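One letter stands for each residue in the lines below.
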Amino acid sequence: MAQEDYPEQTAAPTLGRWSFAAAVALVAIATGIGLLLTPWLSLASLGFLSLLPVIVMADRGGLSNGLAAAALGALSLNFFFIPPIFTLAVARPDNAVTLAVFVGVAMAVSSLADRRRLQAAQSERAAAENALLASLSQQLARIADPAELREFLRSRLVRWSGSEVRFLAAADLDTAILLSPMDVAAARWAHAHGEAAGKGGAVMPGADALYLPLGAGGGEHVIAQFWNGDVAAPIPAERLGFIRQVLDRGGDALQRADLMARQATLDEQRRHDVLRETLLNSIGHDLRTPLATIRAALGTIRSDDREALAGAKLEVDRLDRMIANVLDLARLRADGARIERVPVDLTDVVDAAIDAMSGTLTAHPLSVDIDPELPLVLADARMLHHMLINLIDNARKYSPAGSPIAIAARDDDGEVLLSITDRGPGLGAADANELFAAFRRGTDSDRTPGSGLGLAVVAGFADAMSLTIGAADDSPSGAVFTIRFPARC
Amino acid sequence: MLNNGPRVLIVDDEMQIRRLVALSLQRGGFEPIEAASAQAAAAIALGQSPDAALIDLGLPDRDGLELIAMLRRRSDIAIIVLSARDGTDDKVAALDLGADDYVTKPFDTDELLARLRSALRRRAPHDAAGSRQRFGDVAIDHDRRLVERDGREVHLTPKEYALFAELARHAGKVITHAQLLRTVWGPAHERDIEYLRVATRALRLKLEADPARPALIRNEPGVGYRLSVASAGSSSDESP
């Protein structure tokens, strides 16, 4: 793919044997014509005639050749046409002026011609560079894999700069295998300022390699390192602009590829979430269906043994709550809890929770004290419902029959504090934090077995909704569990 | 006015549940018809025009929700859904599609019967006293647009009245937050739960014996509100 190579720099033409011979020849021709037409031409006209070789030589051969033709032309003018002829002396001052003007104009013409030649060469190179960049962009757009993209880019940079190229991560500069501490500094500088730094550059030329920022890709900032042994400039000066453009486009392409890769991961995750939710729902359904059958059967059994029947119904409800806790915990652990925060009236939540627990609370007088002016709180209604059920159940489990359970909610300096207080044994030696970890219980736990799932759900939901929960001993006895809701702005 | 033995269609793919619910219904004075799938239920509904339907949302392939929509399009049949999920999405979806109420499995059969009766009551033809309703010591007169407590008129703002009237019209049944907001504040406010909470609070302060422990206006978390009524018919088995 020779087309993919950087265009060869044609060397600036220099004065050589052949071009000198050409200059001599052209000047000789001009002189010959001048000699033939001497009677009809003024010195000035002869001067103009002698400019022609200069123009031709400068246009074709550049400055040095133009100047050579200018020198030869001046000599020829002086020798053949300026009296005294056939000498290099100049008798009259106005002829001297003409000669001087000729030399000046000849030099100017050479310079102009040379500049034109240079500009033409530059345009050609720019066009070639643009073609390479366009082709590069197309090829970059076709690569989706970030790693493949980086390798492709690197290979192109190697080809176009003529140096060895490495990509370094900005975060790993200290540990990367670099050539010297100066190089680390140069790389950092390049990253910070977005400009070239290092060997052959304006900044920190003492480094062993040249560093240029690539942009962000793969979540990390990348710097390109150009190294070419002892060569003075790893990237030839006239190609620096081009290489920077290549790096810009490469950086953009890397970012794009990286974003697409991340999007693909997210899509995959979402599919997993949907699958998991479906699975959990299905498990819930499979667990609850036989339970529903049992409950319905208990509802239709006519028996004089009311206590047994009532007891059985309560146990079904208890099992139902446990299933809810297990599923909630599974969702929390998998980070799949979908939270829908809405303004919630705690009166509603407390009422619904008490209602759900009404069958089990028969042995505990309940008191509810909710400030009527209590502000609404922001929470997921269903999660809060489950939290409260678990806390009430916890209070019931750990307090003796006949002892009261108090639920209260009040405004605490802008925040809302919901508390459930029981008259049980209190927390005992258990640390409040331990209490909320799954599978732990406080003291005197052998009286009411349980795996501690309920409090784990309370803690998990509180965390998911950014609420603060607390547990403390109440005086003179018992425990108080609290949920704190932040002030709504 | 209820006819004797309203026909109730039970749609559930679990035979045991169908049988047990059918038994409870019979004891409650209803005439049960069983269907094991949505397709069977649709055919029965077309042919026999039941007065009510109990539909399990756990039927395969969203059949339950589609069945509700189909039934609601055709008639005024009372619909109660049974759901084994404790999430609220499917219940709200069912209510939005036209279901009248729901119970969560495992459910109390008495609860189911009570809600069934409430749902059927609404569907019953208006009688002369229909514009006045009484709930304990609270009464509402729809014609004169006023609410009384202990015989004395209670001052309610227009929104508060509209809210209470809507709850009363569907007494015993749950109404979703969205529907209440749409009806009282307009469709543009379907998501402004805050308005609903504030108005409910005001109603409770004015009408409940203990606003902190509401007995009349009850909330179903994540679903909606329900005006609680004492069951008209008592159950055959004791509740704890």
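Residues numbered from 1 in each chain as written. Chains lettered and ligands numbered in written order. Predicted model: local features only at pLDDT ≥ 70, side-chain atom pairs only at ≥ 80, totals over all residues. Heavy atoms only, no water.

K.L.:
Break down the overall build of chain B for me, citing the residues and quoting the values.
P.N.:
The helix and strand inventory of chain B stands at 8 helices and 12 strands. Here chain B holds 240 residues, and the buried ones make up 55% of them. Restricting to contacts in chain B with at least 6 residues of sequence separation, those with at least 24 account for 58%. Split by element, the accessible area of chain B, about 10,700 Å² in all, is 48% carbon and sulfur. (Helix = DSSP H or I, 4+ residues; strand = E, 2+ residues; numbered from the N terminus. Buried < 20%, exposed > 50% of the residue type's maximum accessible area, 1.4 Å probe, protein only. Contact = heavy atoms within 4.5 Å. Areas by Shrake-Rupley, 256 points an atom, 1.4 Å probe, with all protein chains shown as cover.)

K.L.:
Explain the nonpolar core residue by residue, including any values.
P.N.:
Residues and elements named next belong to chain A. Ranked by size, the top nonpolar core spans 51 residues in total, and within it Leu-346, Leu-384, Leu-418, Phe-481 and Phe-485 carry the most contacts. Top element by residues in this core is helix α9 (residues 381-398). It accounts for 9 residues. When residues no more than four places from it in sequence are discounted, the contact partners of Phe-485 are Leu-346, Val-377, Ala-379, Leu-384, Glu-415, Val-416, Leu-418 and Leu-467. In terms of nonpolar packing, the next biggest core, distinct from the first, is built from 28 residues, Phe-152, Ala-196, Ala-224 and Leu-247 among them. (Core = buried A, V, L, I, M, F, W, Y, C linked by side-chain atoms within 4.5 Å.)

K.L.:
Break down the sheet that holds strand β11 (residues 217-220) of chain B for me, with residues and values.
P.N.:
Residues and elements named next belong to chain B. If you walk across this open sheet you meet the 3 strands as β10-β12-β11, and the pairing is antiparallel. Every interior strand has two partners, whereas the edge strands, β10 (174-176) and β11, have only one. Each strand axis lies, on average, 30 degrees off the axis of its neighbour in the sheet, ignoring direction. The sheet contact formed by β11 and strand β12 (residues 224-227) spans 4 bridges and is antiparallel. Opposite Glu-220, over in β12, you have Gly-224 as the bridge partner. (Pairing = 2+ DSSP bridges. Axes fitted to C-alpha atoms, helices over the stretch in contact; angles between N-to-C directions.)

K.L.:
Break down a nonpolar patch on the surface for me, with residues and values.
P.N.:
The grouping of A:Ile29, A:Ile33, A:Leu36, A:Leu37 and A:Trp40 at the surface amounts to a nonpolar patch, some 580 Å² of accessible area in total. Of note, A:Leu37 is situated in helix α1 (residues 17-37). (Patch = residues over 30% accessible without salt bridge, like charges linked within 9 Å, V, L, I, M, F, W, Y side chains within 5 Å. Salt bridge = Lys/Arg side-chain N within 4 Å of Asp/Glu carboxyl O.)

K.L.:
Would you mind going over the packing of helix α6 (residues 240-300) of chain A against helix α7 (residues 306-333) of chain A in detail, with residue names and values included?
P.N.:
A pair of packed helices is captured by two measures, namely the crossing angle of their axes and the spacing between those axes. Residues and elements named next belong to chain A. Close contact between α6 and α7 brings their axes to 10 Å; oriented N to C, the two are set at 175 degrees. Between α6 and α7, the crossing angle belongs to the class labelled roughly antiparallel. Counting all contacts with α6, which are made through Glu-277, Leu-280, Asn-281, Ile-283, Gly-284, Leu-287, Arg-288, Leu-291, Ile-294, Arg-295, Leu-298 and Gly-299, the residues of α7 involved are Leu-309, Ala-312, Lys-313, Val-316, Asp-317, Leu-319, Asp-320, Ile-323, Ala-324, Leu-327, Ala-330 and Arg-331. Residues of the contact of α6 with α7, tallied by class, amount to 14 nonpolar, 3 polar and 7 charged. (Parallel < 35°, antiparallel > 145°, perpendicular 65-115°, else oblique. Nonpolar A, V, L, I, M, F, W, Y, C, P; charged D, E, K, R; others polar.)

K.L.:
Explain the pattern of salt bridges to me, and be specific about the residues and the numbers.
P.N.:
Residue and element names in this part refer to chain A. Under the definition given, this model contains 46 salt bridges over all chains. Put simply, Arg-484 and Asp-412 hold a salt bridge, and the shortest N to O gap is 2.9 Å. Residue Arg-484 is found in strand β11 (residues 479-485), and its partner Asp-412 is found in strand β8 (residues 405-412); the two are separated by 72 residues along the sequence. Residue classification places Arg-484 among the partly exposed residues on the basis of a relative accessible area of 25%. Residue Asp-412 is classed as partly exposed on the basis of its relative accessible area, which comes to 23%.

K.L.:
Any details on the pairing of strand β9 (residues 415-422) of chain A? Residues and values, ideally.
P.N.:
Residue and element names in this part refer to chain A. In terms of residue burial, β9 counts as a mostly covered element, since 7 of its 8 residues are buried. Two strands pair when backbone bridges link them, and β8 and β9 are joined in this way by 7 bridges, in the antiparallel orientation. Residue pairing in the sheet places Ala-406 in a bridge with Thr-421 of β9. Remark: 2 residues form the turn of the hairpin made by β8 and β9, two consecutive strands paired antiparallel; Asp-413 in that turn has positive phi of roughly 60 degrees.

K.L.:
How would you summarise the interface of chain B and chain A if you had to cite specific residues and measurements?
P.N.:
Each side of the interface is counted separately: chain B has 38 residues, and chain A has 43 residues. Summed over both sides, the interface between chain B and chain A buries roughly 3,800 Å², with carbon and sulfur atoms accounting for 53% of that surface. Linking chain B to chain A there are 7 salt bridges. For B:Arg218, the salt bridge goes to A:Asp355, with nearest N and O atoms at 3.4 Å. Between the two partners, chain B and chain A, sit 13 residue pairs in polar contact (both at pLDDT 80 or more). Of all the elements in the fold, those that place two or more residues in the side of chain B that touches chain A are α1 (15-27), α8 (193-207) and β11 of chain B. Considering only residue class, the side of chain B that touches chain A consists of 14 nonpolar, 9 polar and 15 charged. (Buried area = accessible area lost by both parts, 1.4 Å probe. Polar contact = N/O pair within 3.5 Å; in protein donor to acceptor, adjacent residues only side chain to side chain.)

K.L.:
Please set out the sheet that holds strand β3 (residues 52-56) of chain B residue by residue, giving values where relevant.
P.N.:
Residue and element names in this part refer to chain B. Reading across the sheet, the 5 strands line up as β2-β1-β3-β4-β5 and stay open at both edges, with parallel pairing between neighbours. Of all strands in the sheet, those with a lone pairing partner are β2 (31-35) and β5 (101-104), marking the two edges. Averaged over all adjacent pairs, the angle separating strand axes in this sheet is 20 degrees, with direction ignored. Bridge analysis of strand β4 (residues 78-83) against β5 gives 4 bridges, and the strand direction is parallel.

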